[in-house]
Amino acid sequence: LPYYTLGDHEADDFTLGGLLSEESDRTQCYSRGLIHRLRVASPHVPSPYLVKALRDYEALHQRCGPGTEAFNKSALDLELALTGQGKQEIDGDCRYIVWTANSGLGNRIISIAASFVYALLTRRVLVLDGSSDMSQLLCEPFPGEISWILSPDFPPLSTLLLNQCSPHRFGLHLQQGTILSSRRDPPEIDQKTLFPSTLTSQPSSIFSYVYLLHDYDFFDKLFFCDEEQSSLQAIPWIILSTNMYFVPNLYLYLPQFREELNRLFPESDTIFHHISRYLFFPTNAVWSWMMRHYDAYLRKSSRILGVQIRSFEYPPVMHPELTDQILRCALENHLLPRISKVEGREHLSTGNSTAVLVTSLLPDYSEQIKEFYAEHSTETGEAVSVHQPSHEVHQNTKAHGHNVKAWGEMCLLSFSDNLVTSPMSTFGYVAQGLAGIRPWILVAQSSDTDSHFFQASSSESASPACSQVLSMDPCFHAPPYYNCAESRGDDTSTVLPCVRHCEDVSWGLKVF
Ligand code: GDP
């Protein structure tokens, strides 16, 4: 089948083994019916338990989502509670988690996925803050008429302070003892991050504001402990600020969640893979941008190597040594053909070709790789083409055109047969999850291994250039180091065999 026409063909399963509902819309969202044809087929089959949970969720969303009677009533209760006019009683059986937009697009996507996993575990309805441009980037994920996006002026959100100073912060209530918790004394290491408790407010029974951004404090982190988590259970509205993939900590000290996660995802490192392929489809505008690049530069190649190089520095700095490291990584691991030591062997051409798809804020890396293959022939005669769709230089998450490119590139990278990525980048995590492959991550060659910034290799002999990760799930960059069972600070990477430190971020946690 041509990849660009919709069709119903037994061997052309857009539902991905039942992950997507047969009723999912493919006419308003072209990518949903087509994108699977361009990706390497996933060897990971969703569990029947996950498939059932997704169908149940979809029914719940249709019953409780934005615009339904249940929603309108509950939203009014929330608004009244926020303005201090409401009764503090709960009625209705629809409960919500409201995701609010923070940080770059990769952070947004992994944190929506984590919020959706939390929604599945707690039988809540996930809705997204409508003030960002996510609705122009992502198709509606659920079949039916009910959106997952809140209207941009959803009154309760426009009146709320969504930061650490919020008097409604769950962590603040725990700290002040207005929500029951036996834990009052943070371990010394967390003292410095505590936010001053100058504000006072009584917790509402209608909503709670949960703050899980990377700079959250000891009390915010108690969200991941069983006793404190259970105090959120009956609250209809959780308003969430997060930019992280917090799934690993849903396993550790929340036994009910752990059991359910094991049922949903018997192959534990496929959580983001399945959830991202279920939730995230580019809108027609993004799809059309992607297809122009795909048709012109990628379609005819026999294989695609995706290379994602994140430059964190501001102003951006090009590391000339990094191109050598990328090439060394790709050549040592047979991701790119070796160059010939003898000139003029083009007649050996196999007809095969590799397209290198480079994504980076800077143009230099792709130009240097292109030059390398332009100047040398390959041992097999295999052709290597190099393409970089954009080079935006600076991150600019507020500009929609910029986000179209960023999201389009993550999706194009997901067509790769192999990926080489840079450490600590959620941009790369999204690509690897959608692709369903374990990337080769460039090894940071810095003397300061805890540096937040990726440092290029400074010496040719440094080794290895990269290593392939064992799990394709994203890394949780700022997990709590707290043993909820024993109320003390601890290395939480040793609690369960399936939750360990990340390969690329030594202090992070990841599901294996
Ligand atoms: P992270 O900071 O690497 O974890 O990834 P995020 O996606 O959260 O934030 C980085 C943002 O910078 C992206 O969303 C883009 O806006 C921009 N950006 C970084 N690298 C690239 C790139 O290779 N291509 C494009 N188009 N944008 C990028």
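Residues numbered from 1 in each chain as written. Predicted model: local features only at pLDDT ≥ 70, side-chain atom pairs only at ≥ 80, totals over all residues. Heavy atoms only, no water.

> How would you sum up the overall build of the protein chain? Please name residues and give values.
In terms of regular secondary structure, the protein chain is built from 18 helices and 14 strands. For 512 residues, the compact-globule estimate of 2.2 N^0.38 gives 24 Å, and the C-alpha radius of gyration of the protein chain, at 24 Å, lies within 12% of that figure. Considering only intrachain contacts with a sequence separation of at least 6, the fraction spanning at least 24 residues in the protein chain is 77%. A distance of 2 Å separates the average location of the 37 positive side-chain charges in the protein chain from that of its 58 negative side-chain charges. (Helix = DSSP H or I, 4+ residues; strand = E, 2+ residues; numbered from the N terminus. Rg over C-alpha atoms; globule rule 2.2 N^0.38 Å. Contact = heavy atoms within 4.5 Å. Lys, Arg positive; Asp, Glu negative; His and termini not counted. Charge placed at Lys NZ, Arg CZ, Asp CG, Glu CD.)

> For the pairing of strand β3 (residues 207-212), give the residues involved together with the corresponding values.
Every other side chain in a regular strand lies on the same face of the sheet, so the side chains alternate between the two faces. Burial analysis of β3 places six of its six residues in the buried class, which makes it a mostly covered element. Residues F207, Y209 and Y211 of β3 are buried on one face, and the alternating residues S208, V210 and L212, pointing to the opposite face, are buried as well. The sheet contact formed by β3 and strand β4 (residues 237-242) spans six bridges and is parallel. If you follow Y209 over to β4, its bridge partner there is I239. (Buried < 20%, exposed > 50% of the residue type's maximum accessible area, 1.4 Å probe, protein only. Pairing = 2+ DSSP bridges.)

> Account for empty space enclosed by the protein, naming residues and giving values.
What the rule picks out here adds up to three cavities of 30 Å³ or more. Estimates place the volume of the largest cavity at around 40 Å³. Lining the largest cavity are S74, D77, E89, I90, D91, C94, I206, P236 and W237. Here the lining of the largest cavity is built from residues that sort into five nonpolar, one polar and three charged. Its boundaries defined by the atoms lining it, the second largest cavity holds a volume of some 40 Å³. (1 Å grid on protein atoms, 1.4 Å probe; cavity = no way out; pocket = protein on both sides within 12 Å on 5 of 7 lines; lining within 4 Å. Points joined across faces, edges and corners; volume = space filled by probe spheres on them. Nonpolar A, V, L, I, M, F, W, Y, C, P; charged D, E, K, R; others polar.)

> Provide a residue-level description of the sheet that holds strand β1 (residues 96-100), including the pertinent values.
Strand pairs in the sheet, formed through backbone hydrogen bonds, run parallel or antiparallel to each other. Reading across from one edge, β2-β1-β4-β3 is the order of the four strands in this open sheet, with parallel pairing throughout. Single-partner strands in this sheet number two, and they are β2 (125-128) and β3. Within the sheet, the average angular offset between the axes of one strand and its neighbour, ignoring direction, is 25°. In this fold helix α2 (residues 48-64) packs onto β1 and β2, with an angle of close to 65° to the strand it touches most, β2. Together, β1, β3 and β4 form the strand contacts of helix α3 (residues 69-82), whose direction differs from that of β4 by roughly 75°. (Axes fitted to C-alpha atoms, helices over the stretch in contact; angles between N-to-C directions.)

> Summarise the site of the ligand; cite the residues concerned and give the values.
Surveying the vicinity of the ligand reveals 18 residues, the closest of which are G106, N107, R310, H402 and T426. A distance of 2.7 Å separates an oxygen atom of the ligand from a polar atom in the side chain of S425. The fraction of the free accessible surface of the ligand (560 Å²) that becomes covered by protein chains is 97%. Given that more than half its atoms are within 2 Å of the pocket grid, the ligand belongs to the largest pocket. If you list the elements that add at least two residues to the shell around the ligand, you get α4 (105-122), β6 (353-360), α17 (400-413) and α18 (426-435). Looking at the shell around the ligand element by element, the count peaks at four residues for α17. Of the residues assigned to the shell around the ligand, the class counts are five nonpolar, 10 polar and three charged. Taken together, domain 1 (46-83 + 92-279) and domain 2 (284-474) each give at least three residues to the shell around the ligand, which thus spans both. (Near = heavy atom within 4 Å. Polar contact = N/O pair within 3.5 Å; in protein donor to acceptor, adjacent residues only side chain to side chain. Areas by Shrake-Rupley, 256 points an atom, 1.4 Å probe, with all protein chains shown as cover. Sits in = over half its atoms within 2 Å of the grid points. Domains from an automatic or database assignment.)

> Tell me what's going on with the state of the cysteines, and back it up with residues and numbers.
For the coordinates displayed, the defined rule picks out five disulfides. Two residues, C225 and C484, share a disulfide whose sulfurs are 2.0 Å apart. Judged by the sign of its S-S torsion, about -70°, the bond between C225 and C484 is left-handed. Taken together, the residues C225 in the loop between α9 (218-221) and α10 (226-230) and C484 in the loop between β11 (482-483) and β12 (488-489) connect sequence positions 259 residues apart. Comparing C225 with C484, the two get one shared label, buried. What pairs with C329 in a disulfide is C466, and their sulfur atoms sit 2.1 Å apart. What sets the handedness of the C329 and C466 disulfide is the S-S torsion sign, and at about 90° it is right-handed. Of the two residues, C329 is situated in helix α15 (residues 320-332) and C466 in strand β10 (residues 466-468); the sequence distance between them amounts to 137 residues. Under the relative-accessibility criterion, C329 is labelled buried at 0%. Cysteines bonded in the protein chain are numbered consecutively along the chain; their disulfide partners then correspond to 1-4, 2-3, 5-9, 6-7, 8-10. For C498, which is in no disulfide, the shortest distance to another cysteine sulfur is to C502 and amounts to 13 Å. (Disulfide = S-S within 2.5 Å.)

> Describe the packing of helix α13 (residues 271-279) against α18, listing the residues and the values that go with them.
Two elements in contact, α13 and α18, have axes whose closest approach is 8 Å; the angle formed by their N-to-C orientations is 85°. One way to sum up the angle between α13 and α18 is to call them roughly perpendicular. Of the residues in α18, those in contact with F272, H273, S276 and R277 of α13 are Y429, V430, G433, L434 and A435. Looking at the contact of α13 with α18, its residues break down into five nonpolar, three polar and one charged. (Parallel < 35°, antiparallel > 145°, perpendicular 65-115°, else oblique.)

> An account of the sheet that holds strand β5 (residues 303-309) is requested, with residue identities and associated values reported.
The six strands are arranged β7-β6-β5-β8-β9-β10 in an open sheet whose pairing can be described as mixed. Unpaired on one side and paired on the other, β7 (383-387) and β10 mark the two borders of the sheet. Across the sheet, the mean angle from the axis of one strand to that of its neighbour is 20°, orientation sign disregarded. Pairing of strand β9 (residues 440-442) with β10 involves three bridges; the strand directions are antiparallel. Its bridge partner lying in β10, W440 is registered against Q468. Across the sheet, α17 touches β5, β6 and β8 (418-421), and the angle it forms with β6 is around 150°. Across the sheet, α18 touches β5, β6 and β8, and the angle it forms with β8 is around 170°.

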